[in-house]
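Inside the fold
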Amino acid sequence: MSYLKPNFRHPQLPKNGLDLTRSSYEGLISTLCAGCGHDSISAAVIQACWELDLEPHRIAKVSGIGCSSKSPTYFLNKSHGFNSVHGRMPSVATGANVANHELTYIGVSGDGDSASIGMGQFAHVVRRNLNMLYLVENNGCYGLTKGQDSATADEGSKSRTGNENPFENIDLVGVALEIGATFVARSFSGDKEQLVPLMKAAISHRGFALIDVISPCVTFNNHHGSTKSYDYTREHVQTGSIIDFVPPREEITAQYDAGESMQLDLHDGSSLSLQKAQPNHDPTSRRSATEALLDSRENNQILTGLIYIDAQEPDFHEVMQLNDAPLNSLQQDQLCPGNEKLRSINNVFR
Amino acid sequence: MSTSPTDIKNPEYFHKVVDCQYACPAHTPVPEYIRLISRQQYTEAYVINWESNVFPGVLGRTCDRPCEPACRRGRVDEEPVAICRLKRVAADNKGDISAWLPKIPDQKNGKKLALIGAGPASLTVARDLLPLGYSIDLYDENAKGGGFMRSQIPSFRLPVEVLDEEVNRVLDMGVSTLFSERVDSLASLLAKDYDAIFIGTGAPRGKDLNLPGRKEADANVHIGIEWLQSVAFEHSDKIGKKVIVLGGGNTAMDCSRTARRLGGEQVTLTVRSTFDAMKASPWEKEDAQREGIPFLTDHTPLSFVCENGRLVGMTFDKVKSVYENGKRQLVSTGEEPVYIEADDVLVAVGQELSFPWIEKTTGIEFNEWGEPIVDKVTFQSTQPNVFFGGDAAFGPENIITAVAHGHQVAVSIDLFLKGKDMSLDRPAPGHRQFSTKMGIHEWSYDSSVSNDDRFAVPHLVNEVALVDRRAEVELGFDLQVAFDEAQRCLNCDVQTVFEEAKCIECDSCVDICPTSCITFTRNEAEPALRAKLTVPAEQLDQDLYISQNLPTGRAMVKDENICLHCGLCAERCPTAAWDMQQFNYSVSKACHIPSPLNGSAA
Ligand SMILES: Cc1cc2nc3c(=O)[nH]c(=O)nc-3n(C[C@H](O)[C@H](O)[C@H](O)COP(=O)(O)OP(=O)(O)OC[C@H]3O[C@@H](n4cnc5c(N)ncnc54)[C@H](O)[C@@H]3O)c2cc1C
Ligand SMILES: Cc1ncc(C[n+]2csc(CCOP(=O)(O)OP(=O)(O)O)c2C)c(N)n1
Ligand code: SF4
Ligand code: SF4
Ligand code: SF4
Ligand SMILES: [Mg+2]
């Protein structure tokens, strides 16, 4: 069993705009089960951050509890990180975001962490439009505690011991759409070609960006009868819109037929070149996105890709009119109004 | 268009992945003996070498080591594994190997051979054929066996005891030696009752330089290889204080280093080429420089200068190397000739073949350069029962090439005398493959990758080395360093074997691979495929391992180039679609030599 990854990397690894190779974005060797979808998601985060030329020390990783929430150890080990309590990552992310608005926030959660114990926190971080990427590594079970059904397990999906799940499932994509999320996407850990551009778009999006990533649990939920297995997911995936992420200052060169394609400008100057897979699905319309989701469910399919985006809505920071400078950069004279002023304030309450 | 999936059943595919073994002319199973050294099994490590290259102790000190520039470690790390010096560790620390030696039958097979020249080529032929019952007469003009290994390679690089042990081991298998006997006529030998004759006489003539003053200076101008031989056989034991060595190859290095030990105080090596273009191996150049020998590069000799009929120096023209269409031209800089004083000059500018003793009537044909016409596979000459090998066949090479030839000559002679076809009936190379899986994430080899830099072999200090021509300069690794160096080997013979049917395309192997070797992608024509891998595969001499198409329509494509053989892909794979399988490849010999690798116990 290897506990350490060798130090050697491919000598011709490509470099990004910061002159860094992907290896500068790696983490420790994973201790998850061999074949876990979560590890592929970690690799996609590494790839996306590298491609975006993000400085690793300007990123903060936040997570809750679960195999998924453990996974930030396995990427970006030069970034900030906070492994919080079960279901409470949104509070920590909110606090951190208020304290320093300049960092890139990547939240990593599981279906248990978000849809069971953390459901309340999840709902509120969505409606507040906190500027972050919120990844749900969705395996339909509580992987870390040995595979009990989670709230995202589909009704009728069979556990490894053969029991059918009797309850209706929670679809976090549907919930997020309903309560005002401004970036909603779904993907599959086994499809990095889709996942990496989605992550780049989500990180560049100003506001809350949810990506629900189907991430098979090879040990407890990858058998026949499970609706979150590699095979089942591959058979039922219905690719929604396909996006190409275009960084700031780069021209969009691809040409698509109008009606089938559109260009979306993001707040930071980057844009998305979007190709529709379903003619009726307009990802800038919440209604159309909700219908597309319902249609796919009716057809027993898993809708993936960028499902909904609203690039205009102000984020939490703007709504709350918070200070732009990070708190740790404020000096005493900015934080303390001085004796005179305090006395005059106090006098008002006499 | 797509590229055909890799046929891993063809042993040549995995053979090529073991870069060192593939580059070795004798295809010595390097990683296996390095692992045995890690396990302190020096005797077994030695026997594996001996089966393959006959002179592990000699080669562990002197081999030209074509394996090292080929070593995979050199592509991911600064320097390759010290393969050659690890071989010496096995030789120096081995126990009794007699139990492993092949049995020589009392009952001979009735066939009699003459081997001419007692260098490594002939000795290998003898080693491979004696166990089959052949009777062998070995001729050499010198009093002892070993060929150039004895007469040329100085004892400060190769102690006589090391050479004696390995030469005698072969002679003691029952060679009938006819030493101090120069063969002056092949025709007369052909007239004797030999069933086959092998010519392993090397490239024994050193080239001279006919420049103005050469005749007058003759008493103090020596042909390098003749001089080295006279030192080795103790006919010479001193040289002038000021010595010029002409030439930039390994012979020039040995001449200058020997001169330093025989009284040469100012030994200057002069060479026409640039430093980088010198023929000598980098480590030989380093060793000479360490002994205070300056290299005067870009100097072409013009004349020998004599006073009162005695050599006093030489003049040189300063030149520049100019390359046109890859061909080098030496262009004079037009500066004044450079004069260098000298009491003696050693000419080490090359050697050539010389067969004055092979008569036209023997049926042996030569090409326009005086080289015998020899088949590249069978080593047969134009006279069916006469074979050539070693330097005598295709010109000067090195010991390991002579050994590799020897094995093939032995196979040919045996087939020839059994009336079989020397090409069609040639035995295929042997190979074995087995899983190293011991447990869920456990392998029978040490899969972890050491991050250490190459360890340097300690040297004797000059004060001691330069006063004793016999004192071995390299001291060899101590056992702890040998272990650490052995750990640097990447076990390239433990192959990553992929089984399509098991793969669920989860990407885990792609994500874990430290050197980004694996890509799942649509198969295409090879150039396009190489270009679109995670890291483009630009090293064209390194193969791509391509699977059949998988359910998503993609194929697994692995660039073998920088795989660390760390086994992480196999550890990460949930379905064991990857396995780490040890692959042993061995050149078939005329006879079976017991070795830990071919299943026969001591
Ligand atoms: C100075 C020097 C240093 C070298 N150093 C190295 C080194 O470090 N590593 C390395 O790998 N290689 C080295 N080589 C090359 C290496 O020695 C040869 O390539 C190798 O020995 C060739 O082996 P062989 O079996 O073909 O013949 P040789 O070793 O050349 O042996 C041929 C023998 O045949 C004898 N002979 C020739 N003609 C007759 C005849 N008519 N009758 C009887 N006997 C005859 C010769 O005297 C000689 O003993 C060196 C060569 C030189 C000159
Ligand atoms: C407050 C609290 N309650 C329960 C647990 C036990 N627990 C640990 S992980 C986990 C579920 C994790 O499921 P999920 O978020 O889907 O992560 P996965 O392991 O499947 O990736 C639970 C219930 C806990 N650690 N803390
Ligand atoms: S790393 Fe080891 S097995 Fe690989 S080429 Fe080098 S010596 Fe040979
Ligand atoms: S053994 Fe596997 S994981 Fe290790 S370097 Fe080779 S392909 Fe990559
Ligand atoms: S880890 Fe195994 S199953 Fe997964 S893609 Fe690689 S070979 Fe296939
Ligand atoms: Mg889960």
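In the block above lies the structure referred to throughout.
Residues numbered from 1 in each chain as written. Chains lettered and ligands numbered in written order. Predicted model: local features only at pLDDT ≥ 70, side-chain atom pairs only at ≥ 80, totals over all residues. Heavy atoms only, no water.

Residues and elements named next belong to chain A. Protein ligation of the magnesium ion (ligand 6) involves Asp-111 (OD), Asn-139 (OD1) and Cys-141 (O), the donor distances falling in the range 2.1 to 2.2 Å. We note that the donor set of the magnesium ion (ligand 6) lies within a single chain, spaced as D-x27-N-x1-C. With Asp-111 in helix H4 (residues 111-115) and Cys-141 in strand E5 (residues 141-142), the pair connects residues that are 30 residues apart, well separated along the chain. Both residues of the pair, Asp-111 and Cys-141, belong to the buried class. (Donors = N, O, S within 2.8 Å, 3.2 Å for Na, K, Ca; no water. Helix = DSSP H or I, 4+ residues; strand = E, 2+ residues; numbered from the N terminus. Buried < 20%, exposed > 50% of the residue type's maximum accessible area, 1.4 Å probe, protein only.)

Around ligand 5 lies a shell of 14 residues, among which B:Cys503, B:Ile504, B:Cys506, B:Cys509 and B:Cys573 are the nearest. Of the residues assigned to the shell around ligand 5, the class counts are 10 nonpolar, 2 polar and 2 charged. (Near = heavy atom within 4 Å. Nonpolar A, V, L, I, M, F, W, Y, C, P; charged D, E, K, R; others polar.)

Quick look at the site of ligand 1 now. All names here are of chain B. Near ligand 1 lie 32 residues; those nearest to it are Thr-62, Asp-140, Glu-141, Arg-157 and Asp-391. One of the side-chain N or O atoms of Trp-357 is found 3.5 Å from a nitrogen atom in ligand 1. Out of a free accessible area of 1000 Å², ligand 1 has 97% covered by protein chains. In the shell around ligand 1, the residues fall into 11 nonpolar, 13 polar and 8 charged. Here the shell around ligand 1 spans two domains, and each of domain 1 (102-204 + 353-417) and domain 2 (208-350) adds at least three residues to it. (Polar contact = N/O pair within 3.5 Å; in protein donor to acceptor, adjacent residues only side chain to side chain. Areas by Shrake-Rupley, 256 points an atom, 1.4 Å probe, with all protein chains shown as cover. Domains from an automatic or database assignment.)

Turning to empty space enclosed by the protein, a few remarks are in order. Residues and elements named next belong to chain B. What the rule picks out here adds up to 7 cavities of 30 Å³ or more. Approximately 140 Å³ is the volume found for the largest cavity. Around the largest cavity sit 14 residues that line it, and Arg-61, Arg-85, Arg-157, Asp-287 and Glu-474 are the ones nearest its centre. Going through the elements one at a time, helix H5 (56-62), helix H8 (83-93) and helix H15 (282-290) are the ones with two or more residues in the lining of the largest cavity. Per-element tally for the lining of the largest cavity: the top contributor is H15, with 3 residues. When its volume is computed, the second largest cavity comes out at roughly 90 Å³. Lining the second largest cavity are 14 residues, and of these Cys-24, Cys-63, Cys-67, Lys-87 and Ile-400 lie nearest its centre. (1 Å grid on protein atoms, 1.4 Å probe; cavity = no way out; pocket = protein on both sides within 12 Å on 5 of 7 lines; lining within 4 Å. Points joined across faces, edges and corners; volume = space filled by probe spheres on them.)

Residues and elements named next belong to chain B. By the burial criterion, the buried members of helix H19 (residues 479-486) are Ala-482, Glu-485 and Ala-486. For H19, the angular spread of buried residues about the axis comes to 100°, placing them on one side. Buried residues along H19 sit against helix H3 (30-38) and H8. For H19, the capping residue at the N-terminal end is Asp-478, with a side-chain oxygen 3.0 Å from the backbone nitrogen of Gln-480. (Arc of directions from axis to C-beta. Contact = heavy atoms within 4.5 Å.)

On to the nonpolar core. In this structure, B:Ile199, B:Phe388 and B:Trp578 are the most contacted members of the largest nonpolar core, which totals 138 residues. For this core, the leading source of residues is helix H17 (residues 399-417) of chain B, giving 11 residues. Excluding its chain neighbours within four sequence positions, the residues that come into contact with B:Trp578 are B:Thr496, B:Val497, B:Phe498, B:Cys509, B:Ile518, B:Tyr545, B:Met556, B:Lys558, B:Cys569, B:Ala570 and B:Cys573. Membership of the second largest hydrophobic core comes to 38 residues, among which are A:Val45, A:Trp50, A:Leu76 and A:Leu195. (Core = buried A, V, L, I, M, F, W, Y, C linked by side-chain atoms within 4.5 Å.)

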